[in-house]
Number of protein chains: 2
Amino acid sequence: MELDVRRLFLLAEIAEYGSLTGAAEAMMYTTSAVSQQMRRLEAEAGQTLFERRARGVVLTDAGAALVARAHAIRRELAGAESDLEALSGLHAGTVRIGSFPTASASILPLVLTQFSRQHPAIAVSVRSALRDPLRELLLMRDVELALFWEYDWSLFEDDAIETERLLDDPTVLVVAAGSEVGGTGPVKLSSMAGERWIIRADGHPVADVLTRSCHAAGFAPDIAYDAHDYQEAQAMVAAGLGVALAPRLSLTNLRDDVRLVPLDPQTPVPVRRILMGQLKGHQPTPAILGFQDTLREAARAMPKTFSQQGQLGSVNQ
Amino acid sequence: MELDVRRLFLLAEIAEYGSLTGAAEAMMYTTSAVSQQMRRLEAEAGQTLFERRARGVVLTDAGAALVARAHAIRRELAGAESDLEALSGLHAGTVRIGSFPTASASILPLVLTQFSRQHPAIAVSVRSALRDPLRELLLMRDVELALFWEYDWSLFEDDAIETERLLDDPTVLVVAAGSEVGGTGPVKLSSMAGERWIIRADGHPVADVLTRSCHAAGFAPDIAYDAHDYQEAQAMVAAGLGVALAPRLSLTNLRDDVRLVPLDPQTPVPVRRILMGQLKGHQPTPAILGFQDTLREAARAMPKTFSQQGQLGSVNQ
DNA sequence: CAACTGACTTAACTTGAGCTACAGTCAGGG
DNA sequence: CCCTGACTGTAGCTCAAGTTAAGTCAGTTG
């Protein structure tokens with residue numbers, strides 16, 4: 001048998017108007033079409049669905065039962081449409097984001113609170129990982145969007161991933177609070193040749209920043225300490241072991257006993273670019289699009305956030 | 001937008017198999033057909049419903065929502081089919097019956113109890129009326145089936161109603177319990193010429209039976225009393241005012257102080273035929289068909305019922 | 001790393017379900 | 001008794017939903 005849903009809807013229409021002709025007018029069909037469809041439906045149902053009277057028709061028990069089912073199906077369809085509505089209107093949905101540790105500790109919290117305030121019904125999950133595992137998460141579709149970083153000399157490139165530049169994260173100098181360095185404003189790196197340096201251990205990419213920058217400024221840095229994270233580096237700077245170069249974003253929660261000094265923009269200042277990446281040709285869901293908007297928004301506001309946190313004037317160009 | 005239900009089902013199939021190809025095989029389509037249908041469905045939905053991977057597809061939130069709705073609709077359809085099943089298997093439904101007073105008081109109670117024992121889920125409603133109003137009920141479709149009666153000289157005829165003879169209801173003689181009439185078996189009406197008679201008043205059709213029968217037997221009956229119903233007539237017979245002729249069915253609950261005497265079948269005995277009538281060309285519902293079966297069954301068993309109630313031997317031919 | 005495989009897409013073509021137009025048929029109502 | 005309103009039947013057209021065939025693309029395998 002296998003009842004056809006369109007015919008059930010037509011039957012419901014007939015029930016409403018009490019005649020095939022009425023239903024036909026409502027549906028913009030001819031009466032004949034309705035009659036033919038109902039013949040089929042009765043064949044599918046295996047029984048008479050309405051009695052033909054001289055002025056219209058009246059449902060049998062079977063017809064009435066099918067009309068009730070038709071209404072239930074209509075409700076489901078309406079529900080389906082409102083589901084879609086909710087998803088496209090960001091009243092429902094999920095996003096899965098990948099991020100690297102520094103971003104997770106700085107810009108991302110802002111973005112997450114902002115986003116969940118704007119779209120409280122959308123569930124966000126974040127996975128934090130280093131650059132290559134992160135790329136892998138994206139390629140494996142374990143996340144739909146990921147944050148990456150790059151320097152001029154180590155560009156992020158993957159021909160399956162398209163990126164958008166979110167924000168420039170400038171390199172700044174971290175000095176002990178009591179230090180006189182930068183008391184008069186931005187400093188030239190070349191003037192720091194005599195300092196000792198705190199560096200990130202294990203060939204961390206930011207170590208590159210120091211060696212390259214100093215090389216460009218015409219000296220080789222004197223390494224005082226290999227720190228394993230930015231907190232440790234800050235602590236060593238505070239302790240007076242030396243000064244450090246660090247991306248501004250990594251310094252979101254700054255110790256009281258250290259101070260940031262901008263580098264003189266006259267000389268080339270290494271900039272870490274923060275990128276937002278997604279799979280190429282991967283149609284983003286409405287929820288992802290919304291999340292991207294919030295990300296861009298937050299990135300645009302970031303320089304202001306930096307300056308509100310004091311210590312630095314306009315760090316970003 | 002207006003989502004198409006068949007496509008939703010196809011999507012559910014895809015969800016189940018995890019690939020268009022799998023769904024295509026299950027539905028005996030080509031992959032191409034499935035792909036085209038899904039393109040349409042996505043257009044209807046206004047968003048991507050699944051991500052294309054190298055080995056199959058995985059649903060987006062929107063896709064998953066639609067699949068859930070598809071399952072709900074499937075359940076409704078299954079429910080609709082089981083509704084139909086119930087109605088055709090007489091596990092559901094209604095019948096509306098019309099009947100005349102004598103039948104309502106005799107054969108109908110048996111039929112109703114029998115039917116509701118066989119098909120407890122079917123609701124029966126009975127409307128009782130005299131012959132012409134009853135015909136009207138049937139023509140107006142206020143009942144789907146009605147019981148009628150006829151005598152040879154007043155046949156029930158209506159070219160919009162088709163009838164089926166259910167049962168012959170013989171005319172019998174009602175005498176006081178102490179009477180000697182019929183002590184030796186069936187009596188000839190002609191031998192009753194000297195009796196006084198109890199008759200139904202107001203030109204009730206059964207009055208015809210008496211006058212015609214007596215006329216045929218060669219005498220005119222001496223009317224002792226005009227009764228308004230069969231109970232009153234029985235009471236008068238019991239009181240010794242006279243004897244009466246009555247259709248056997250009208251005497252289902254017989255007083256202790258009256259007795260039934262069969263008429264000698266050698267001479268023409270007026271017989272009331274009980275008919276079952278329905279609108280011509282009116283497709284009966286399964287429930288009606290079932291009720292008709294029970295009616296025929298009860299009618300066939302009626303003569304036995306008569307004889308079990310004693311007094312009369314084989315009344316029916 | 002080239003060829004293979006499995007899965008989705010696209011284009012062109014085919015087919016039949018589902019319309020329309022139109023010509024009944026049938027039952028009530030003036 | 002014809003007229004009207006409503007359902008039915010037939011013939012034909014149209015377009016949606018299939019198929020076939022020829023890609024494309026991403027993993028996998030020899």
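Report on the accompanying structure. (Residues numbered from 1 in each chain as written. Chains lettered and ligands numbered in written order. Predicted model: local features only at pLDDT ≥ 70, side-chain atom pairs only at ≥ 80, totals over all residues. Heavy atoms only, no water.)

**Describing the overall build of chain A**
Within chain A one finds 10 helices and 11 strands. For 317 residues, the compact-globule estimate of 2.2 N^0.38 gives 20 Å, and chain A exceeds it by more than 25% at 33 Å. Along the first, second and third principal axes, the C-alpha atoms of chain A reach 105 × 35 × 30 Å. Of all intrachain contacts in chain A linking residues separated by at least 6 positions in sequence, the fraction that spans at least 24 positions is 74%. Of the roughly 14,900 Å² of accessible surface on chain A, a fraction of 50% belongs to carbon and sulfur atoms. (Helix = DSSP H or I, 4+ residues; strand = E, 2+ residues; numbered from the N terminus. Rg over C-alpha atoms; globule rule 2.2 N^0.38 Å. Contact = heavy atoms within 4.5 Å. Areas by Shrake-Rupley, 256 points an atom, 1.4 Å probe, with all protein chains shown as cover.)

**Considerations on the protein's contact with DNA strand D**
Around DNA strand D, the surrounding shell holds 25 residues, and the nearest of these are Thr 21, Ser 32 and Arg 52 of chain A together with Arg 6 and Thr 30 of chain B. Restricting attention to atoms of DNA strand D within 4 Å of the protein, one finds that 70% of them are sugar or phosphate atoms. Contact between DNA strand D and Thr 21 of chain A: a phosphate oxygen at 2.5 Å from a side-chain N or O atom of the residue. At 3.3 Å from a phosphate oxygen of DNA strand D is found a side-chain nitrogen or oxygen belonging to Tyr 29 of chain B. Elements represented by at least two residues in the surface near DNA strand D include exactly helix 2 (20–27), helix 3 (31–45) and strand 2 (56–59) of chain A together with helix 1 (5–17) and helix 3 (31–45) of chain B. Partitioned by chemical class, the residues of the surface near DNA strand D number seven nonpolar, 11 polar and seven charged. (Near = heavy atom within 4 Å. Polar contact = N/O pair within 3.5 Å; in protein donor to acceptor, adjacent residues only side chain to side chain. Nonpolar A, V, L, I, M, F, W, Y, C, P; charged D, E, K, R; others polar.)

**Concerning empty space enclosed by the protein**
Residues and elements named next belong to chain A. Summed over all chains, the structure comprises five cavities of 30 Å³ or more. Put simply, the largest cavity is a space of about 120 Å³. Considering the residues around the largest cavity, the lining is formed by 15 residues, among which Ile 198, Ala 233, Ala 244, Leu 245 and Ala 246 are closest to the centre. When contributions to the lining of the largest cavity are tallied by element, the ones reaching two or more residues are strand 7 (196–200), helix 8 (205–217), helix 9 (230–238) and strand 9 (243–247). Tallying contributions element by element places helix 9 first for the lining of the largest cavity, with four residues. (1 Å grid on protein atoms, 1.4 Å probe; cavity = no way out; pocket = protein on both sides within 12 Å on 5 of 7 lines; lining within 4 Å. Points joined across faces, edges and corners; volume = space filled by probe spheres on them.)

**So, the protein's contact with DNA strand C**
Around DNA strand C sit 24 residues, and of these Arg 6 and Thr 30 of chain A together with Thr 21, Ser 32 and Arg 52 of chain B come closest. Within 4 Å of the protein, the atoms of DNA strand C are drawn from sugar and phosphate moieties in a proportion of 72%. Between DNA strand C and Thr 21 of chain B, the relevant distance is 2.6 Å, taken from a phosphate oxygen to a side-chain nitrogen or oxygen of the residue. Arg 52 of chain B has a polar side-chain atom sitting 2.6 Å from a phosphate oxygen of DNA strand C. At the level of elements, helix 1 (5–17) and helix 3 of chain A together with helix 2 (20–27), helix 3 and strand 2 (56–59) of chain B are the ones that each hand at least two residues to the surface near DNA strand C. In terms of residue count, the dominant contributor to the surface near DNA strand C is helix 3 of chain A (five residues).

**Examining the environment of Thr 285 of chain A**
All names here are of chain A. Position of Thr 285 relative to the elements: it lies in the loop between strand 11 (271–279) and helix 10 (286–308). Thr 285 gets classed as partly exposed once you look at its relative accessible area, which sits at 22%. Residues Thr 285 and Thr 94, 191 residues apart in the sequence, show an inter-C-alpha distance of 9.1 Å. (Buried < 20%, exposed > 50% of the residue type's maximum accessible area, 1.4 Å probe, protein only.)

**Notes on helix 1 of chain A**
Residue and element names in this part refer to chain A. Taking 1.5 Å as the rise per residue, helix 1 with 13 residues should run 18 Å; its terminal C-alpha atoms sit 19 Å apart, in good agreement. Residues Val 5, Arg 7, Leu 8, Phe 9, Leu 10, Leu 11, Ala 12, Glu 13 and Ile 14 constitute the buried set of helix 1. Taking the backbone nitrogen of Arg 6 as reference, a side-chain oxygen 3.1 Å away marks Asp 4 as the first, capping residue of helix 1. (Expected span 1.5 Å × (residues − 1).)

**Some remarks on the packing of aromatic side chains**
All chains considered together, the criterion is met by eight aromatic pairs over all chains. Look at Tyr 151 of chain B and Trp 153 of chain B: their rings are 4.8 Å apart centre to centre, the planes differ by 5°, and that puts the pair in the stacked class. Taking the relative accessible area as the measure of exposure, Tyr 151 of chain B reaches 3% and is therefore buried. Residue class for Trp 153 of chain B comes out partly exposed when judged on its relative accessible area of 28%. Through pairs of rings, three or more aromatic residues link up here, namely Trp 149, Tyr 151 and Trp 153 of chain A. Stacked on the ring of Tyr 230 of chain A, the Lys or Arg Arg 200 of chain A has its end atom at 4.5 Å from the ring centre. (Phe/Tyr/Trp six-rings, centres within 6.5 Å; stacked < 30°, edge-to-face > 60°. Lys NZ or Arg CZ within 6 Å of the ring centre and 35° of its normal.)

**Section: the relation of the copies chain B and chain A**
Screw-axis analysis of chain B against chain A gives a translation of 0.1 Å along the axis, an RMSD of 0.2 Å, and a rotation angle of 180°. Seen this way, the second copy is the image of the first under a two-fold rotation axis. Among all residues of chain B, the one whose C-alpha sits closest to the rotation axis is Ile 73 of chain B, at a distance of 2.8 Å. Residue by residue, 100% of the interface of chain B is reproduced at the interface of chain A, so both copies engage with the same surface. (Least-squares fit on C-alpha atoms with pLDDT ≥ 70 in both.)

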